[in-house]
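Commentary on secondary and tertiary structure
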Amino acid sequence: MLVEEGLGADVSTLGELRFALAADVPPDRIVVHGNNKSDEELQAAAAAKAALVVLDAPDEPERAAAAGIRHVLLRVTPGIDADTHEAIRTAHRGSKFGLPPEHALAVIDDARARGLDVAGLHVHVGSQLLDPAASLATVDWLAAFAARARAELGWTPTVIDLGGGLGIAYHEDDERPDPAQFARALLGAQARAWALHDLPPPRLILEPGRSIVGPAALTLYRVGAVKDASETTTWAAIDGGMSDNPRPLLYGARLTAVLANRVDAEPDGSYGIAGKHCESGDVLIERATLPRPRRGDLLAVPATGAYTLGMASTYNGVPRPAAVLVDGGRIRIIRRRETVDDLLRYEA
């Protein structure tokens, strides 16, 4: 569906590259990332004729050239701290992603000496960004770095990948960033910064990712046990949890929910939504304002299109759920439900 809308794919592993190709993403819309790309992944990117491979390590120019890669970007780390959870900041000083400025210049020089077409630069400051400040500061920094590269190496980027990271609302109290407004702000900042340094306008790549996919899905759970654990806490347990949505446990993400089968019923209290896994931390929602849940209710959790099923596990032998496309009352299963038999197939 995204291909039909003209979007491409940003991939970071061989698996993601294969997924993109299976979805008929044109190779000229594929950008291959990864902070630890294997020789197999580099060779696969070359065989697929991916548009760009992003260099992310000092030894990658040599390995990329040997794999048959031609067109590359260089991921540079500006040392900017984004206002997001520390686990999903990606451009801070000491980040595992990209290269600091001095190393980046040396790698650009090395890549060009090896015959690679270093088309431009890539930067990504973090994920789930609700404030554009860090992204806008990064644009200014990147323009200054591009001007430095021109002065020291005689090289000017013709492609700039500004990454993405635009956040979404997971909870009714969250800000709701406007993707169009975010993009306009980035494009305006880029144009001003490039003009300030007398740089030629580059081709721009943006990675909207979560801002498109996240709000497009919700997760349905079946309520099981309901118990009053104390005077102030009532738990409703669901048939999933941290195995299909690890974000609350990993990032402290706040989610919200409704009872899909009783959506018009008046809420009468706050209830904790617990997963079925063997962890006290397996709590999907600390406090959800709902009618008192009952066994058999359907609990709907919105905004679960990104970083949920894609990060899912089979912890405690719990199979992963199906994915169903819904449009105007029509449905289509786009990922079948996993079974325990599927899990047992991998056991010797």
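Reference entry: report on the structure contained in this document. Just so you know, these numbers come straight off a predicted model, no measurement behind them. (Residues numbered from 1 in each chain as written. Predicted model: local features only at pLDDT ≥ 70, side-chain atom pairs only at ≥ 80, totals over all residues. Heavy atoms only, no water.)

Ordered by their spatial adjacency, 7 strands build an open sheet running β1-β2-β3-β4-β5-β6-β7, and the pairing between neighbours is parallel. Strand pairing shows two members of the sheet lacking a second neighbour, β1 (9–11) and β7 (203–207), which therefore form its edges. Taking each pair of neighbouring strands and ignoring which way they run, the sheet shows an average axis angle of 25°. In this sheet, strand β6 (residues 159–164) lies alongside strand β5 (residues 117–122) in parallel orientation, the contact comprising 3 bridges. Across the sheet, H122 pairs through a bridge with D161, a residue of β6. Relative to the sheet, helix α4 (residues 101–113) contacts β3 (52–55), β4 (71–75) and β5, its axis offset from that of β5 by approximately 160°. (Pairing = 2+ DSSP bridges. Helix = DSSP H or I, 4+ residues; strand = E, 2+ residues; numbered from the N terminus. Axes fitted to C-alpha atoms, helices over the stretch in contact; angles between N-to-C directions. Contact = heavy atoms within 4.5 Å.)

It is worth spelling out the pattern of salt bridges at this point. The full count for this structure, using the stated rule, is 12 salt bridges. One salt bridge connects D174 with R254, and the closest N-O pair in it is separated by 3.6 Å. Here R254 lies in the loop between α8 (247–251) and β10 (258–259) and D174 lies in the loop between β6 and α6 (179–196), a separation of 80 residues in the sequence. Between R336 and D342 there is a salt bridge, with the nearest N and O atoms lying 2.8 Å from each other. Exposure remark for D342: the relative accessible area of 9% places this residue in the buried category. The network of salt bridges with common partners includes E102, R148 and E152. (Salt bridge = Lys/Arg side-chain N within 4 Å of Asp/Glu carboxyl O. Buried < 20%, exposed > 50% of the residue type's maximum accessible area, 1.4 Å probe, protein only.)

Taken together, the side chains of V324, V326, I331 and I333 define a hydrophobic patch exposed on the protein surface, amounting to about 420 Å² of accessible area. One can find I333 in strand β15 (residues 330–335). (Patch = residues over 30% accessible without salt bridge, like charges linked within 9 Å, V, L, I, M, F, W, Y side chains within 5 Å. Areas by Shrake-Rupley, 256 points an atom, 1.4 Å probe, with all protein chains shown as cover.)

Formed by 46 residues in total, the largest nonpolar core has its most connected members in I30, I69, L74, L121, L142 and W194. Ranked by the residues each element gives to this core, the list is headed by helix α5 (residues 133–153), at 6 residues. If you look at the next biggest cluster of nonpolar residues, it comprises 18 residues, including Y221, A288, L299 and A303. (Core = buried A, V, L, I, M, F, W, Y, C linked by side-chain atoms within 4.5 Å.)

The strand order across the open sheet formed by 6 strands is β10-β13-β8-β9-β11-β12, and the pairing between neighbours is mixed. For this open sheet the edge positions go to β10 and β12 (283–290), each flanked by a neighbour on one side alone. Pairing between strand β11 (residues 269–274) and β12: 5 bridges, direction antiparallel. Looking at the pairing, I273 lines up with I285 of β12.

Looking now at the side chain of N245. Its place among the elements puts N245 in the loop between β9 (234–238) and α8. In terms of polar contacts, N245 uses its side chain to reach the backbone amide nitrogen of R247, at 3.2 Å. Once residues within four sequence positions are removed from consideration, N245 is found in contact with Y221, L255, L284, T304, Y307 and T308. (Polar contact = N/O pair within 3.5 Å; in protein donor to acceptor, adjacent residues only side chain to side chain.)

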